[in-house]
Each structure stands twice: as C-alpha cells, then as structure tokens.
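# Remarks on the overall topology
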Amino acid sequence: MKTKTVFSCQSCGYQSPRWLGRCPDCNNWNSFVEDAFTQSIKNNLGESLEKITPVLLKDVVYGADDNRLATNNKELDRVLGGGIVRGSVVLIGGDPGIGKSTICLEIASKLGTRDFKILYVSAEESVNQTKMRAQRIGIKNCNTLYIVNQTDLGSILDYIRNSSFDIVIVDSIQVINSQDVPSAAGSVSQVRFCAGELTRIAKTKNIALFLIGHVTKEGTLAGPRVLEHLVDTVLYFEGDRFTNFRILRAVKNRFGSTNEIGIFEMGSFGLKEVSNPSEVFLSQASKKASGSVLTCVIEGTRPILVEAQSLTCASSFGYAQRKSQGFDYSRLSLLVAVCEKRLGLNLVNQDIFVNIAGGIQVEDPACDLAIIMAIVSSFKDKQISNDTVILGEVGLSGEIRSINQIISRIKEIERIGFKRCVLPKSNYKDIDKKFNLDILAVEALKEAIDYIL
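Overview of the structure. Note that the coordinates shown come from a computational prediction; the quantities given were computed from them, not determined experimentally.

### Description of empty space enclosed by the protein
One pass over the structure, following the stated rule, counts one cavity of 30 Å³ or more. Quantified by volume, the largest cavity comes out at close to 50 Å³.

### A word on a nonpolar patch on the surface
The grouping of V55, L57 and V60 at the surface amounts to a nonpolar patch, some 340 Å² of accessible area in total. Tracing the backbone shows V60 in the loop between β3 (32-38) and β4 (68-69). Owing to a relative accessible area of 48%, V60 belongs among the partly exposed residues under this scheme.

### Here we look at helix α10 (residues 406-416)
By the burial criterion, the buried members of α10 are I406, R409, I410, E412 and I413. Considered in projection along α10, the buried side chains sweep an arc of 160° and stay on one side of the axis. Positive phi shows up at G417, right after α10, with a value of about 110°.

### Some words on the sheet that holds strand β11 (residues 233-238)
The mixed open sheet is built from nine strands, whose spatial order is β8-β7-β9-β10-β6-β11-β12-β13-β14. If you trace the sheet from one side to the other, it starts and ends with β8 (145-148) and β14 (270-273), each paired once. Across the sheet, the mean angle separating the axes of adjacent strands is 25° when strand polarity is ignored.

### Describing the environment of V90
Within the secondary structure, V90 is located in strand β6 (residues 89-93). When sequence neighbours within four positions are dropped, the list of residues in contact with V90 reads L80, L209, F210, L211, T233 and L235.

### Some details on helix α8 (residues 329-342)
Taking 1.5 Å per residue as the helical rise, α8 with its 14 residues ought to reach 20 Å, and the 20 Å between its terminal C-alpha atoms agrees with that figure. Of the surrounding secondary structure, the elements contacted by the buried residues of α8 are β17 (322-325), β18 (350-356), α9 (368-380), β20 (393-394) and α12 (445-452). Its side-chain oxygen placed 3.4 Å from the backbone nitrogen of S330, D328 serves as the N-cap of α8. Downstream of α8 by a residue or two, G344 has a phi angle that is positive, lying close to 70°.

### Describing the environment of L227
Relative to the helices and strands, L227 resides in helix α6 (residues 226-230). With a relative accessible area of 2%, L227 lands in the buried category. L227 sits 54 residues away from I173 along the chain, and the two C-alpha atoms are 10.0 Å apart.

### Notes on the pairing of strand β10 (residues 208-213)
Most of β10 is tucked away, with six of its six residues classed as buried. Because side chains alternate across β10, one face comprises the buried residues A208, F210 and I212, and the other comprises L209, L211 and G213, equally buried. Where strand β9 (residues 167-171) meets β10, five bridges bridge the pair, whose relative direction is parallel. Counted as the bridge partner of I169 is F210 from β10. In terms of handedness, the path from β9 via helix α5 (residues 188-205) over to β10 forms a crossover that is right-handed.

### Digging into unusual backbone geometry
Cis geometry marks the peptide bond from D171 to S172, where omega comes out at 5°. Along the chain, the position of S172 falls in the loop between β9 and α5. For N27, which is not glycine, the phi torsion reads 65° and is therefore positive. If you trace the backbone, N27 turns up in the loop between β2 (15-16) and β3.

### A closer look at the side chain of S16
Assignment of secondary structure puts S16 in strand β2. Given a relative accessible area of 7%, S16 falls into the buried group. Within the structure, S16 has its side chain in polar contact with the backbone oxygen of R18 (distance 2.8 Å). For S16, the residues in contact, after removing those within four places along its chain, are V6, F7 and F32.

Criteria and thresholds
Residues numbered from 1 in each chain as written. Predicted model: local features only at pLDDT ≥ 70, side-chain atom pairs only at ≥ 80, totals over all residues. Heavy atoms only, no water. 1 Å grid on protein atoms, 1.4 Å probe; cavity = no way out; pocket = protein on both sides within 12 Å on 5 of 7 lines; lining within 4 Å. Points joined across faces, edges and corners; volume = space filled by probe spheres on them. Patch = residues over 30% accessible without salt bridge, like charges linked within 9 Å, V, L, I, M, F, W, Y side chains within 5 Å. Areas by Shrake-Rupley, 256 points an atom, 1.4 Å probe, with all protein chains shown as cover. Salt bridge = Lys/Arg side-chain N within 4 Å of Asp/Glu carboxyl O. Helix = DSSP H or I, 4+ residues; strand = E, 2+ residues; numbered from the N terminus. Buried < 20%, exposed > 50% of the residue type's maximum accessible area, 1.4 Å probe, protein only. Arc of directions from axis to C-beta. Pairing = 2+ DSSP bridges. Axes fitted to C-alpha atoms, helices over the stretch in contact; angles between N-to-C directions. Contact = heavy atoms within 4.5 Å. Expected span 1.5 Å × (residues − 1). Polar contact = N/O pair within 3.5 Å; in protein donor to acceptor, adjacent residues only side chain to side chain. Right-handed = clockwise from strand over helix to strand, strands pointing away.

Here it is in structure tokens:
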C-alpha cells in the first residue's frame with residue numbers, strides 16, 4: 001500500500017500534486033489543503049464484496065406500500081415525498097444550532113415507539129450528553145433506540161453488521177474517520193471514503209441511513225461536492241438560528257419532489273410542526289404602514305400567504321442601494337427598472353430595501369406584482385388595504401402575466417378571511433367557482449396601480 005502527498009480541494013475534491021491558489025474545477029480560491037493519498041485502500045476494512053449479477057427490470061418486485069416508513073411528522077414526510085424509503089441515504093445540512101440533531105432524535109424517537117430498531121451514532125457528543133438533549137426536548141425512553149459515541153468507521157460498520165437495524169443516524173459525517181485513510185477527519189479523502197462505505201452497507205442491508213453534515217460559512221456542505229452525489233436525498237435547514245422558524249428544503253430527492261418545504265418552529269422542547277404557515281407568517285403583518293403588501297406563493301403543492309415589505313428613501317450617496325432579503329436580488333433590479341420605465345417613477349436616487357417577512361425564501365414569480373406594489377406604496381407613502389392580496393407575474397413591457405395554480409391560491413386566501421384579490425386577467429377565465437371575495441382582474445401594471453393606490 002503506497003502513500004503519497006497530494007493537495008485536495010475542500011469544495012469539490014479535485015486533487016493536484018502541488019498547491020494551487022485557485023481550483024481549476026470549481027474555481028474556488030484558497031481551497032487546497034495538503035492531504036495524504038493512499039493508492040490502494042482495502043474495501044470495507046477487509047470485507048469481501050458480494051457477487052452481484054444483473055437482473056431483468058421486469059423481474060424486480062417490491063412492495064410500494066412497504067417501501068416507505070412514515071415518521072408521523074407531516075412536515076418531514078412532505079419533504080421526503082411521503083416517508084423514509086428503506087435503503088435510502090439522506091444527508092441533512094444546516095448551520096450550527098439550527099436543529100439537525102434535534103430533528104434526527106425526534107425521528108428516532110417516533111419510529112422507536114413503533115418497534116423499529118434504530119442506531120444513533122453520536123460522534124460529537126457523549127452518550128450522557130445525548131441523553132440530556134433527549135430529555136430536554138421531551139423524548140421518552142424507547143426500548144429499540146441504541147446510542148453510541150463512536151468516530152471509528154470500522155467499529156460503526158461492525159455495529160451495523162452484527163445487528164439488524166432498520167435506521168442508522170450518523171451525527172456527523174465530518175467527524176467519522178477510517179484508519180485505512182491516512183488523513184485527518186473531515187478531509188476530502190476521509191469524508192468521501194466514510195460516506196461511500198456507509199452508503200454501500202446501507203444499500204446492501206436495506207437500511208435507511210441519515211447523515212448529518214456541517215455547513216461552511218458560504219452556506220454549502222463542508223467537504224467535497226461528491227458527497228451530495230453519493231446520497232439519495234439532500235435536505236437543508238434554512239433560517240436564522242436566533243429566530244423561531246426553521247424551513248426544511250429538499251435540494252435533491254430521488255424519491256420525491258424537490259419543490260416541497262417543511263416548516264417548523266424551534267422551542268425549548270424541540271421542533272414543532274407548523275401546520276398552518278399562512279397564519280404564522282401573517283400574525284405580525286404590518287397593519288397601518290406603507291410598503292406592506294400580502295401575496296400568496298406556492299411551495300411545492302402548498303399555497304402560503306406571506307408579507308412583502310419594502311422601504312424606499314433618498315440615497316445619501318451617489319449610488320443608490322438595492323437590498324433584498326428572501327427575494328432574488330437580480331429579479332428586484334429588473335422590477336425596479338420596469339417601475340422606472342413603465343410607470344415613470346424616478347427611483348434612480350432612491351435606496352430600495354425589500355424583505356419577505358418570516359425568513360422564507362421566495363422564488364415564485366407570482367409575487368412580482370406584490371413587490372412592485374410594495375415599492376410604489378413606500379415611494380408614495382400610501383398604505384395598501386390590509387384585506388387585499390395581490391398576485392401576478394410582471395413582464396418587461398409592464399404586462400401582468402398569468403400564474404399557475406390560481407384556484408388553490410384563491411381557496412387559501414378565502415380560508416384566511418381576506419376580502420379582495422388582485423390577479424392577472426388571463427387567469428380570470430379559469431375561475432369557475434363562486435368565491436366569497438372580490439376579485440379584480442388586471443392586464444397591465446398601470447391599471448393595477450390606478451386601482452390599488
């Protein structure tokens with residue numbers, strides 16, 4: 001077994017015989033670290049590979065109903081696509097303290113009460129510390145939940161081989177190391193090798209595997225990007241750890257949609273599901289202030305009402321600022337240009353700040369009209385009625401374009417109790433049900449401005 005020294009990129013795993021300032025693969029700067037590379041590594045710590053033969057696709061039989069484990073956490077099941085798939089590997093990432101370990105402990109507790117055998121590898125905390133965390137978030141004793149403090153890959157694989165676990169949780173993958181890889185824990189070689197071995201044994205034994213991953217200051221998973229390609233599902237926790245709300249989003253899912261999100265509220269007793277996010281996000285909406293507009297966005301299959309806020313003020317410098325939180329900055333610049341060109345507003349010397357209240361990240365183009373209305377409302381210092389919800393995508397010529405799932409949006413607006421809804425005229429023909437609210441169909445941006453302000 002021959003060992004040599006190489007330099008590995010900590011972002012993508014690219015290797016070079018000498019140090020490079022910039023990675024030629026991912027273009028990141030100062031990401032190379034010295035690493036020991038072993039040309040020949042024993043597979044699975046000496047265990048021989050099982051002989052695998054190809055089979056016809058038509059001969060493969062599986063039970064669709066038996067292949068998923070419902071966690072009884074509706075928000076998590078929604079993001080996973082209906083539950084945990086046996087033999088799948090799920091990677092959970094997020095900032096420190098945002099709730100990764102908490103949600104994994106809650107998953108283990110709920111499945112443990114249904115007699116599923118679970119192994120929780122707490123590599124960063126002792127067994128006593130994990131027990132204290134479980135008691136703090138109200139997890140009761142479970143006869144099928146096993147906890148071990150271990151960082152050695154060989155020992156963890158032995159635990160899995162010698163017992164028939166249904167679920168294995170590793171907290172976290174950056175701390176696990178193998179003696180067959182001559183490099184420090186958390187390096188590219190260690191993370192890639194350990195994750196690969198755990199994934200292989202999970203697929204072989206049909207075990208659902210959860211890996212918790214650290215996130216760098218840039219917001220990406222620490223370690224090589226190949227880690228995301230090894231797993232079946234990648235979940236990210238979003239939100240500020242100093243606020244109550246957490247958003248769980250799937251950025252990769254081989255067994256379901258990547259458009260769904262789960263919303264949780266972090267409290268002293270763990271993560272609580274938010275079953276009615278519209279009312280939560282609107283609970284502190286501005287009642288008597290300009291620059292506040294309500295809109296309805298679609299996250300996956302669920303309509304959610306959110307508040308779009310804007311603040312405009314004269315710039316004290318030669319170059320006006322454009323800042324956005326929860327909304328795409330490039331899209332904001334485009335909408336500001338539309339306001340200046342199609343509405344004749346002089347915004348060139350105005351600092352413009354846009355915020356989506358509640359910490360949610362909005363990508364739905366249906367909130368374009370609401371963003372423009374919030375900017376114009378703040379610029380003219382005119383309040384928009386707080387019983388009005390505004391929907392519509394705005395084109396470069398100032399036209400209001402149609403949006404998707406208009407019926408589900410209107411149902412959510414009516415359920416919350418709002419009285420008026422502004423929507424694109426091209427969507428009005430799709431509304432074939434009598435709703436208990438006033439609906440105004442607009443075709444152009446100027447028409448919407450004249451009606452609302």
